[in-house]
Structure formats: C-alpha cells, structure tokens
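Summary of structural features
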Amino acid sequence: MHNRSYNEQDAIQRLLLFEEGLSRLIELMKIEKKDVLRLLLALVAVFVIGVLGEFVCNFPALRANGWTRQATRTIALDEVQVSGFERVETEKYGLGEITGDPGQIIGENRRQVENTEVLQLSDASGYLHIPLDGSYVSQFLYHYDYDGLLNATVRLGYRNIYGEQREHDAKMVMDRNCRVLKFSSVPVNGKLDYVDLLITREDLDEEGISYMNFGGMPLALTGFATVARAGINWYRLGLFWCAAAVLIALLCFRDFVAKRIEVGFLLISLTFGTIFSLSLPANKVSWDEEVHFAQAFWMANYRTPVQAEPALLQEFTTGVDTWPYNQPESRDEQAALTSYLNQNAGYRHGEHLWSTDLNKTTMTGYVGSALALKAGGLLHIPFGILYKLGRLGNLYVYAAVLYFAIKKTPVGKAILAFLALMPEPMMLAGAYSYDPTVTAFLWLSFAGILEAALGGRKMDWKAYALIVLTFVWGCRVKAVYAPLILLGLMIPAEKFRSKREMYLMKGGFIVICGLMMLSFILPVLIAPRDIGDTRGDSTSEKGQMAYILGQPLAYAWVLICNLFRTLPSYVLGENSLGLLGHTGTMSFPWALYAGSAAVILTAGQPSCGKRLSKKQKLWIFILCAGTAVLVWTSMYIAFTRPGNTYIDGVQGRYYLPFLPIVWLVLNPDRVMMRMENKNYHALVLGAAALILAACCDAADCYDADLRLFSVQLRQLHLLRLFSVQLRQLHP
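Below is a short write-up of the structure. (Residues numbered from 1 in each chain as written. Predicted model: local features only at pLDDT ≥ 70, side-chain atom pairs only at ≥ 80, totals over all residues. Heavy atoms only, no water.)

1. Some remarks on a nonpolar patch on the surface
- There is a patch of nonpolar side chains on the surface, built from Val-44, Phe-47, Val-48, Val-51 and Leu-52 and spanning about 440 Å² of accessible area.
- Among the structural elements, Val-48 can be located in helix α2 (residues 33–64).
- Its relative accessible area of 39% is what places Val-48 among the partly exposed residues. (Patch = residues over 30% accessible without salt bridge, like charges linked within 9 Å, V, L, I, M, F, W, Y side chains within 5 Å. Areas by Shrake-Rupley, 256 points an atom, 1.4 Å probe, with all protein chains shown as cover. Salt bridge = Lys/Arg side-chain N within 4 Å of Asp/Glu carboxyl O. Helix = DSSP H or I, 4+ residues; strand = E, 2+ residues; numbered from the N terminus. Buried < 20%, exposed > 50% of the residue type's maximum accessible area, 1.4 Å probe, protein only.)

Structure follows, in structure tokens:
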C-alpha cells in the first residue's frame, strides 16, 4: 500500500510539472497582434529591398538595351587587330562543348555569318586590340580552342565618369580560365572603348604542373562578343535579402536577436554563410579540399565502392581539371562548370569503381558533410549540386555547435560571435575541411571550462563529461592542440563539490593531455621518418630533428623570429581571419584590424558578473603560447627543408582554435562599455555581417570576378608588352 501511494504521488507530481511546463510554453507562444504585424511588415520590407537592389544593379544594362533584357554584339574577326596570331581557315567553328548563354551567343552568331576563321597563336606572345564604340557592356566574352589552362591578361578601356577615355582609368585583369570550359566571361559593367588581350606562352605554363607543356600546346581564339545583359542574379538577390533581413533584425528586433547574441550569430551564419558557400564554384577552393571531399564522400558511401565517371575522379585530386588557381570566375562560368559536372561526373553508373581508405583520426571532422552527401545521393541529386550540398552540411554543423558555445560561455560572447563570423572561418565552414569541426568543438569545450571557472554552479560530472567529450571530438583531428585541455586546471577549488572530485577531474585533464601529446610526439622522437610531408620541399623528419636537438638555441631563435614576424596578422588580421583559400586575401584587411581591436577592447563584460583573474589570464597565455610553439615546431619538422631558417606551411587558420581565449587575455580589465548588451551586441554583429557581406561580393555575388585585380608587381612589365605589341600593329 505504501509503495502504491508513493507511485500515485509521484505520478501526480510529474503531471503537475508537465502542466506547469505546458503553461509556460503557451505563454511563450503568445504573440500579440502588433508583433505579428511588425514581423509581416519586416518580411515585406526585406522582399522589397532585395528586389529594388537587384533592379538598381540591372538598371545600366536595361537603359543601354532600350529596356530589353539583352543586347549582344558579335565581333567579327576582321575587326580585331592582331599581332603574334595567325589567321587560319578551319572546318571547325571552334565552339566549346559547354552550353549556357555565353557559348550560345557566340555559337549562334558565328553560324549565322558562317565564318570558319580562327586566330591561332603563332609567336611566343600574342596581342589583340578590339575597338569598341563606348557603349555599356556587362560582359566581354571570348571562345577558344585549347587543352591547357588559358591564362590571359585583359586590359579594359573604360570611359570615366565624365564620359572620357583615359589610360589611367583602364583596368588590368588577369583572366585565369578553367580547363574544362572553352570560353571566358570577363565582367565589365561599364562603358568600354576597347579591349586588349595579351597571351604569352610563358604565362600559360604552371609552376605546380611542370610536367605539362602548356606553352607548347596549340591555342586558337575562335570568337568574341560583348553583352549588355539584364537578368536576375540569384546569388546577388539572396545577398540583398540576407543583408536586409539582418539589418532589420538588428534594428527592430534587438530584444530577440541582439540581446541573446547567439541568436544573432545563428541568423547571420545561416543566411550569409549559405550564400557565401553556394557562391563558391564546385571546385577546389579551400586548402586540401580534394582530400577532405574524398574522405567525406567515402564516409557517405562507406563500404560501397562508387561507380564513378572520369570527371568525378578528377575531384579527388589536384590536377589540370581542378587546378585551384584557375577557377570559374563569373556567374556564367560557374553555371557552365556545374552543368558540365552534372552531365559528366556521374556517381551511380560510371565505369570506374572508386574507394579510398577512411582516416579514422580525422573522420569526426566530416560528419556534417558526409550526412548531407548521403542525403543528396539517396535523392539522386546531380553531382554539381551534390558537391555544394556537402559543403552546406559542414557549415550547418559549425553554426549549430557555435550557437551553443556562445550561449554557454559566461564571458567573451561578443568575441566568439565576431571571430566565428569572420570571412576565413566562414569560408572554411562553407567548404570541405575539418578545421571548422576542430574550431567549433574546442570553443564549446572552452565555454564549458569558463562556465565552470566563473559561473555560479558547482562543477559536476555531467558538465565535466561535456567539456571532455567536446574537446576530444575536436582535438582528435589535430592533437597539436592537446595542451589546451589544461585550461581546466584554472577552475578554482571552491567550484568543485569535493576535493576528491577536484583531484579526479583535474587529473583527468592531465591524463587526456598526456595521451594526446604522446600520440603525435612519440613517433617523431622514437622513429623519425627519412621523409616528412611530401607536399614540402625536400623534407626529412630525421634530418630536421638532428638540427633541433643538435643546436637547440639556434632553433629557438628561428622559432622566435617566425612567431613575431607573423604575430599581428595571425592574431588580429588577414592571415587568420581574411584569407579565402586559393582565391586570395580579402581586399580590405584594415577592416579586420580595426574590428579586432575594437572587439578586444570592449568585449570583456561578463554575463555572470565576474572576469578572469590575472592568474587565470597568465595560465591561458602560457598554454596558448605553448600550443603556438607546438604548431610551428610540428610544421618545421614535417613540412620544412632541414636547416632552413624559416618555417614553411604554418597558416593563420591554425591559430583559430585558441584565438578567442587569446583575445580574452588581451581584453583590459579597466575598459567598461556603458551600453546595454542588446545595443552593443547589435553593433558587433552588424560589423561582422558587414565584413562578411563584402567578402560575399568577392565570391561572385555581384557577378564579380574571383581573380579580378589591378596588376601591381607585373603592371609595368605588362604595360611594356602592350606598348610593344601596339607599336607592331601601328609602326
């Protein structure tokens, strides 16, 4: 009877708790009519702003075309002034197999005039001058017949704001083209008086593919056209919608989006991050992306060999078809590459059975990508789209984990959010890479440690398990960060429920650190290999260890010099926050330094009423400095030629896992923000979103060229070549 009575009372208590929770949920779900109206008005405003922005971008082309969608001018080859090219009659039209607007434009017009003449490169360099009438041009197009990587220098003769043509206003473009495409679409978006095209056989050769004689391959230019085209660029329109949504959310819904900064981070990372990732070409963009993609694709098809077509096999290697420095550079070229992969990179009925060895050390870094690839494969999604879908899986895991890390940490929430939204971490998250997993899970582990050290709750085994499991999940990919688990030693004794638990937990931190350190240090100490990383130049672990152990003071000096030489850009600037893979560095690094300095100075206010003590900051600094030394030393042993006084292979992204706690150390205790959290968080999120949006522009959202740049180091040399060729045309 007593047991039965107890069970009934327990059931009644559970029912009461359920009713209480349900009533709270109903209260939370109650939304007043004015809030619904505000939300609807915000959605309408976002839609209208995006459409207006797209219309403004299309306005010059519409006005130039007489308010028609497209105006195309095919340039006859006899209008082109040439030097170093030979006019050759051929039975071919020289048209590429790639479909799409640019190819169709040139192809249809060339068939109409039935012109079978092509311009074949006959000298060491060739120069073309194409006079135009000064009308508005959105794209300059040219077709070619060439089996290598076409690298051309294009000079665009713009008319300035006064309607005049000046040489100073001309823009140099290094146009590097993907091998599988047989046309180039150069973004112009201005009034043009001429186009100059320079091709040299020296520029055709690639240092990284020296076994291919690109300069000796026959090359022919087969058609030219200018296009003034208006149309919806969905990447650009999506960017406008994202920017409008974030702006309105930060201004009008700060109580929900900015007061809880993790919500604002999630909004920006999912919107801008998705646009950023989708705008990258379906090609190798990030570091070692072909290796990461192969691992993720094999996880998605584990123990089931893939029936791959030849074009798919190219995606697993760095070769001519996937050369990272010759990317599709415009929206049309990206669409053409995606179409090519959809047609030629089948993964279900190909003639080759593909499989690879699963790296069980790094496999935790590919879970998000593998799940997305698996889902896409089950739906039989074409490969060009599937490739981008796998990237999104990586991004969404990154965003979800960091949402909880920002929410959990009692101090430095703005630091975590700002760093996580910077261009380089977001680019890595939106590509195939295990770095975002390392970064996100280590930051979540650090958030747990900071909560235990500064929060009001006692440390229990559940919190300890979360700290350890998230750290191991991230750090097992790169064990070089193992010393950072010792951050747990700074948790004060009064935060533990008993001395016994304190000794057990802190002893566990030390054991985990020791085991992980031994996993990568012991093999090098016991049996160093004769050859290090094959990507390096004449590497040797054994030879490098002889230098380090034989002359430790000399190596210490080499290490110090390299650490301090890179310190500003690796801690505050472009090499850790603004390097966009193989596409280069963002064009305004000053924004990173300014934003980093502002956040470091102001983002130390805690949500728990406590700050890190000087002893805790000193311990964090020691661990971060030691980890940095391990990073540099590991690359000196594995990636650098023995005896070199510089260290190869170290990149700023290797600092990302411990950069937030470094910024916490740098945050001054005496600086206080006299501002509500929701207003301060709105400023931080707005600054991060602005920097990220500008980099989305560089990633094709504004139909911009990924490799478009004003030639600086080579500019005088190129101008000299242009002037020499021009004198040959007009002696």
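Resuming the write-up.
2. Re the pattern of salt bridges
- Counted under the stated rule, the structure contains 19 salt bridges.
- Asp-669 is the salt-bridge partner of Lys-617, the closest N and O atoms lying 3.0 Å from each other. Of the two residues, Lys-617 sits in helix α22 (residues 614–639) while Asp-669 sits in the loop between α23 (659–666) and α24 (677–701), which places them 52 residues apart along the sequence.
- Connected via shared salt-bridge partners are Arg-155, Glu-167 and Asp-196.

3. With respect to the pairing of strand β10 (residues 220–229)
- Along β10, 10 of the 10 residues are buried, which leaves the element largely enclosed by surrounding structure.
- With six bridges joining them, strand β1 (residues 70–75) and β10 adopt antiparallel strand pairing. If you follow Thr-74 over to β10, its bridge partner there is Ala-225.
- When strand β4 (residues 117–121) meets β10, the two strands line up antiparallel, connected through two bridges. Counted as the bridge partner of Leu-119 is Leu-221 from β10. (Pairing = 2+ DSSP bridges.)

4. Overview of the packing of aromatic side chains
- In the structure shown here, the tally under the stated rule is 31 aromatic pairs.
- Consider the rings of Tyr-366 and Tyr-434, whose centres lie 6.0 Å apart with planes at 50°: the pair is tilted. Note that Tyr-366 is positioned in the loop between β12 (352–354) and α11 (367–378) and Tyr-434 in the loop between α14 (423–429) and α15 (435–454), a separation of 68 residues in sequence. For the pair Tyr-366 and Tyr-434, one class covers both residues: buried.
- For the ring pair Tyr-387 and Tyr-432, a centre distance of 5.1 Å and an interplane angle of 65° mean the geometry is edge-to-face. Note that Tyr-387 is positioned in helix α12 (residues 383–408) and Tyr-432 in the loop between α14 and α15, a separation of 45 residues in sequence. Like Tyr-432, Tyr-387 is buried.
- By the ring-pair criterion, three or more aromatic residues cluster together here, those being Phe-293, Phe-297, Trp-298, Tyr-302, Phe-316, Tyr-347, Trp-354, Phe-383, Tyr-387 and Tyr-432. (Phe/Tyr/Trp six-rings, centres within 6.5 Å; stacked < 30°, edge-to-face > 60°.)

5. Here's the deal with the packing of helix α13 (residues 413–420) against α23
- Running from amino to carboxyl end, α13 crosses α23 at an angle of 135°, the nearest separation of the two axes being 10 Å. With respect to their mutual orientation, α13 and α23 come out oblique. Viewed along their axes, α13 and α23 form a crossing whose handedness is right-handed. Contacts between α13 and α23 involve Ile-415, Leu-416, Phe-418 and Leu-419 from the former and Leu-659, Pro-660, Trp-663 and Leu-664 from the latter.
- Partitioning the contact of α13 with α23 into residue classes produces eight nonpolar, no polar and no charged. (Axes fitted to C-alpha atoms, helices over the stretch in contact; angles between N-to-C directions. Parallel < 35°, antiparallel > 145°, perpendicular 65-115°, else oblique. Left-handed = near helix turned anticlockwise from the far one by under 90°. Contact = heavy atoms within 4.5 Å. Nonpolar A, V, L, I, M, F, W, Y, C, P; charged D, E, K, R; others polar.)

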